Amino acid sequence: MELRTLRYFVAVAEELHFGRAAIRLHMSQPPLSRAIKQLEAEVGALLFARSSSGITLTAVGSVLLDEARALLEHADRVRVRVGAAAGAATITIGILGDGTDPGVSRLAAAYRRTHPGIDIRVRDTDLTDPTCGLRAGLVDVALTRAPFDGTALTVRALRTDPVGVVLRADDPLARRDGLRLAELSDRRWFQFPPGTDAVWQSYWNGGRPREGPVVRAVQECLQAVLWNGTVGLAPLGHDLPAELAVVPLIDMPPSRVVAVWNEGDTNPLIRSFVETATTAYRR
């Protein structure tokens, strides 16, 4: 069994969908299907039960998944330790937004546990650059939110969060159970500085041009709502001051938490970081 084939198997086992696994692996589906069939031939048993409703792991597949994860994790540690022996191994991670996200906490604990001796540097960034300095070469990989211009970048989705509108607690709309974007058309919305990624700005403006105060950080957004009654959007589940309230937006696409890195970057630390992040955010 080759490590590459085991990585293919783990992706299919975690996605339980050949198409999604192929996208995750940045390959087409036919060679992925052939690789899995060859692996089943080598094992001498079916790894997936296939039906019209999809695929599921067989008992043999479940055993192999546990063993494959452990083997791949060990292989990554070997690469990292050998690299560290040759010189200090460092990974710089860009983080956008709330560092108290439980997914970040789980990821940090898991990565420290599986990559002892790695120099982990964190760059906390404001809302003006959704790639956290990736394009400028300031970080190796970013934990951020999509959508943004993904040209020359590789993006791995980790989680989706519903989005709500942040309002003053005494705003009449704050008592609603849900709102639509059209009900906020007469409000001022916060804006990002000129030059900010246009796709990113459009998403946080609900898909259309708006007017309002310019902000750069989460706290500035909250203060704009508090002081000026500005409309701000935020993923649901975040703690807010008592003076503010968040109401779910019925027709707003969810916010995707993603890991992103430069296309073609073969740094093994990035690959192991992203795989660890995928598991940490799935829980």
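The structure we're discussing is the one just above.
An account of the accompanying structure is given in this report. No experiment lies behind these values; they were computed from the predicted model shown. (Residues numbered from 1 in each chain as written. Predicted model: local features only at pLDDT ≥ 70, side-chain atom pairs only at ≥ 80, totals over all residues. Heavy atoms only, no water.)

Section: the overall build of the protein
A count of helices and strands for the protein gives eight helices and 10 strands. With respect to the three principal axes, the spread of C-alpha positions in the protein is 65 × 50 × 35 Å. By residue count, 45% of the 283 residues in the protein fall in the buried class. Partitioning the intrachain contacts of the protein with sequence separation of at least 6 by distance along the chain shows that 71% fall at a separation of at least 24. Accessible area of the protein: about 14,400 Å², with a carbon and sulfur share of 54%. Positive and negative side-chain charges of the protein, numbering 33 and 32 respectively, have mean locations separated by a distance of 3 Å. (Helix = DSSP H or I, 4+ residues; strand = E, 2+ residues; numbered from the N terminus. Buried < 20%, exposed > 50% of the residue type's maximum accessible area, 1.4 Å probe, protein only. Contact = heavy atoms within 4.5 Å. Areas by Shrake-Rupley, 256 points an atom, 1.4 Å probe, with all protein chains shown as cover. Lys, Arg positive; Asp, Glu negative; His and termini not counted. Charge placed at Lys NZ, Arg CZ, Asp CG, Glu CD.)

Remarks on the nonpolar core
By size, the foremost hydrophobic cluster in this structure holds 32 residues, and its most contacted members are V165, L179, L184, L233 and L249. Of all the secondary-structure elements, those providing two or more residues to this core are β5 (141-146), β7 (163-168), α6 (198-204), α7 (218-228) and β10 (255-262). Filtering out sequence-adjacent residues up to four positions away, L179 remains in contact with V165, L167, L173, L184, V247, P248, L249, I250 and D251. (Core = buried A, V, L, I, M, F, W, Y, C linked by side-chain atoms within 4.5 Å.)

Topic: the packing of aromatic side chains
All chains considered together, the criterion is met by seven aromatic pairs. Residues F9 and F48 carry aromatic rings whose centres are separated by 5.6 Å and whose planes lie at 50° to one another, so their mutual orientation is tilted. Of this pair, F9 sits in helix α1 (residues 3-15) while F48 sits in strand β1 (residues 48-51); the two residues are 39 residues apart in sequence, bridging distant segments of the chain. The exposure classification of F9 matches that of F48, with both residues buried. (Phe/Tyr/Trp six-rings, centres within 6.5 Å; stacked < 30°, edge-to-face > 60°.)

Comments concerning the sheet that holds strand β8 (residues 232-235)
Ordered by their spatial adjacency, three strands build an open sheet running β8-β7-β9, and the pairing between neighbours is antiparallel. With partners counted over all chains shown, the strands left at the sheet margins are β8 and β9 (244-248), one partner each. For this sheet, the mean inter-axis angle between neighbouring strands, taken without regard to orientation, is 40°. Strand direction decides the pairing type here: β7 and β9, joined by five bridges, are antiparallel. Looking at β9, one finds that L167 is bridged to A245. Each of β7, β8 and β9 is contacted by α7, which is oriented at about 45° to β7, the strand it contacts most. (Pairing = 2+ DSSP bridges. Axes fitted to C-alpha atoms, helices over the stretch in contact; angles between N-to-C directions.)

What about the sheet that holds strand β6 (residues 153-161)?
The strand order across the open sheet built from five strands is β4-β3-β5-β10-β6, with neighbouring strands paired in mixed fashion. Each of the sheet's edge strands pairs with one partner strand only, and the pair in question is β4 (119-125) and β6. The mean angle between the axes of side-by-side strands here comes to 25°, regardless of whether they run parallel or antiparallel. Where strand β3 (residues 90-96) lies against β5, three bridges are found, and the strand directions are parallel.

Regarding the pattern of salt bridges
Under the counting rule described, the total for this entry stands at 11 salt bridges. D161 is the partner of R159 in a salt bridge, and the nearest nitrogen-oxygen pair spans 2.9 Å. Given the relative accessible area of 21%, R159 is considered partly exposed. With a closest N to O distance of 2.9 Å, R168 and D170 form a salt bridge. Bridged by salt links that share partners, the residues R145, R159 and D161 form one connected network. (Salt bridge = Lys/Arg side-chain N within 4 Å of Asp/Glu carboxyl O.)

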